[in-house]
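Below, each chain spelled out in residue letters.
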Amino acid sequence: MIAVVGGGITGLALGWHLERLGMEYAVFEAQPRVGGVVRTGTVDGHVLDRGPQRLRLTPAMASLVADLGLSDRLITAPDGLRLHVYRGGRLHPVPTSATELLRTTALSPGARLRLLVEPLTRGVERGEHVAEYFERKVGREVYRTLVAPLYGGLYGTDPASMDVEVALLPLLRRLGVRRSLLMCFLRGTRGPGAPAVSFRDGMEELPRALARALPGRVHTGSPVRSLARRGAGWRLDVGGAAIDAREVVVTTPPAPTGRLLTDAAPELGAAASRLRTNCIGVVHLHARTQLQGLGFQVSHQEADRTLRGVTFNDALFGRTGVYTAYLGAGTDGPAGGPDDDALASTAVSRFRACTGYESRPLAVARAWMPAWDRTWRGLHDVPMPPGLHVAANWWSRPGLAGRLAEAESLARRLAAGAPTAAHGRVA
C-alpha cells in the first residue's frame, strides 16, 4: 500500500493517477476538507478564491477536467485580456511582443535601448541572487519595472532574496534558455498560450471533484502524527491508528513535513524545517470600475510597494465587482505582521491610489509562499530513505500544472517500482 500524506492538489492528483494505474493507496488529510491552498468561500453572494485565482487549461488539465465531469463547470477568461504593471501613476500593458517591448511607455528610451545588448551578456553565474542576474542581463530599470514585479509575483517573493540556482536555473532549463533571455522571449511570442479558466463555484471545485472520484481512498480529519521505519516498509500513526505502507509520499508544506520527518529522515526533516516562507495578505475587494485585463503588478520603481498586485476577477470570470489584492504581510507567519483590519485598510487605500477607484473589503486571508532563497540549498544531496518520497510545490515545479505533472510522473515511477530521487529535491 502507498500512503499519501496530505490531501492538497498534489496528494489528490497523485491518488487520481495511482487509481488509474490500479495501485493500492490511501490519502490522509489532517483537515476536515481537501484542497490545501486551493480554497474558495462565499461572501455576500460573491465567490472568493483565497488561494489560486485561475489555472491554465493545458491539454493535460483539460483531459483531467473532462474525466472529472467538470467541463461544463468551466469559466474561460475572455480573449485578449492583458496583464498590467503600475508605474508612475498609471497602468501600463505588459509587453507581449518585441515591438511592444521597444515601444512600451513603462520604460524610458534608455532602458529600451539597453535591452539590445542583452544577447551579449553572460548567462547564469552560480552564487548570485535572482535580482543580480536579471539586472546584469536586462539593466536595472527593466528589471525593477517589469521583471521584478512579474517574476516576484509568480512566486510571491522578492527576487533580491531568491537564489538563482534553486529559484531560476530549473525554470531557465525548462524554457530552453541557454544564454539570451531576449531571444527566448521572442521565441515565446508566436501565439497565445493555454486559456485561463476557473469554475462556476471557484477553484475548490477541482480538489472536491478529485476527492469524489476516489471513494474510500481519501480520509479527511486524519492527521499523520508520526512515521517510522518498519521492516522493508513504514508504519504511520494516523489519528492514533497504526497503518502499514510499502511506500510513503509526503505532500505537506515545509513546516509539518519537517516535524513529521524528524525521526524517520532527520537530515531531510531538519532541512525542511529551515526553509523560509513569506506570508502574503490576500484581501478581496468590491468595487465598481471600468478596469479591463487580468490585473496588475506594482513596479519595484515605486516607493510604496505594500500592495504587490491585484487580480481583476470581475473582468476575468464575471465575478461582478470582485478584485483580489495581494500585500506583503511578513515572513514565516503572521506574528508581528499587520492584522486583518490593517491589511484591509491598506488594500483599500492602495487600490484607490493605483486605479482611482473606491472599494470596500469583503474578506481577508493569508497565504504562505516558499521564499526560494538560499535556505533551499539545504535540500540538495539530502539522503532520502528507501520508500520515502516528497512531492510538493516547495519541492519542485510550483503551480497547478506543475503539481499535476509531478503527480503523474511519480505515480508512474511508483507503479513501475522504479527508484525515485535518492538524494535531494527534484529540479
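Residues numbered from 1 in each chain as written. Predicted model: local features only at pLDDT ≥ 70, side-chain atom pairs only at ≥ 80, totals over all residues. Heavy atoms only, no water.

1. Looking at the sheet that holds strand 9 (residues 196-199)
The strand order across the open sheet formed by three strands is 5-9-6, and the pairing between neighbours is antiparallel. Of all strands in the sheet, those bounded by a partner on one side alone are strand 5 (55-56) and strand 6 (74-76). One ladder, built from three bridges, connects strand 6 with strand 9; its direction is antiparallel. Across the sheet, the residue bridging to T76 is V197, located in strand 9. (Pairing = 2+ DSSP bridges. Helix = DSSP H or I, 4+ residues; strand = E, 2+ residues; numbered from the N terminus.)

2. As for the sheet that holds strand 20 (residues 388-390)
An order of 10-2-1-14-20 is seen for the five strands of this open sheet, with the pairing classed as parallel. On the outer flanks of this sheet lie strand 10 (218-219) and strand 20, each paired with one strand and no other. Relative to strand 14 (residues 247-250), strand 1 (residues 2-5) is paired through four bridges, and the arrangement is parallel. Following the sheet pairing, V5 is matched in strand 14 by V250.

3. Examining the pattern of salt bridges
Considering all chains together, one arrives at 27 salt bridges under this definition. R377 is paired through a salt bridge with D163; the nearest N and O atoms lie 2.9 Å apart. Of the two residues, R377 is situated in the loop between strand 19 (360-370) and strand 20 and D163 in the loop between helix 6 (140-155) and helix 7 (164-167); the sequence distance between them amounts to 214 residues. Salt-bridge contacts for R412 lead to E408; the nearest nitrogen and oxygen are separated by 3.2 Å. With R412 and E408 both in helix 15 (residues 400-416), this residue pair falls four residues apart, about one helical turn. Overall, the relative accessible area of 48% leaves R412 in the partly exposed class. Here the salt bridges share partners, and the residues they tie into one network are R126, D163, E165, R374 and R377. (Salt bridge = Lys/Arg side-chain N within 4 Å of Asp/Glu carboxyl O. Buried < 20%, exposed > 50% of the residue type's maximum accessible area, 1.4 Å probe, protein only.)

4. Examining the nonpolar core
Counting residues in each nonpolar core, the largest one holds 61 residues, and the members touching the most others are Y151 and V248. Ranked by residue count, the leading element in this core is helix 6, at seven residues. Beyond its immediate stretch of four places on either side in the chain, Y151 contacts V130, F134, P159, M162, A167, L168 and L171. Counting 37 residues, the second largest nonpolar core, distinct from the first, contains Y25, F199, L210 and L214. (Core = buried A, V, L, I, M, F, W, Y, C linked by side-chain atoms within 4.5 Å. Contact = heavy atoms within 4.5 Å.)

5. Digging into the packing of helix 5 (residues 130-138) against helix 6
At a closest axis distance of 8 Å, the pairing of helix 5 and helix 6 adopts a crossing angle of 135°. In terms of orientation, helix 5 and helix 6 fall into the oblique class. Here the hand of the crossing between helix 5 and helix 6 comes out right-handed. For the pair formed by helix 5 and helix 6, the contact residues are V130, A131, F134, E135 and V138 on the first element and R140, V142, Y143, V147 and Y151 on the second. Split into classes, the residues belonging to the contact of helix 5 with helix 6 amount to eight nonpolar, no polar and two charged. (Axes fitted to C-alpha atoms, helices over the stretch in contact; angles between N-to-C directions. Parallel < 35°, antiparallel > 145°, perpendicular 65-115°, else oblique. Left-handed = near helix turned anticlockwise from the far one by under 90°. Nonpolar A, V, L, I, M, F, W, Y, C, P; charged D, E, K, R; others polar.)

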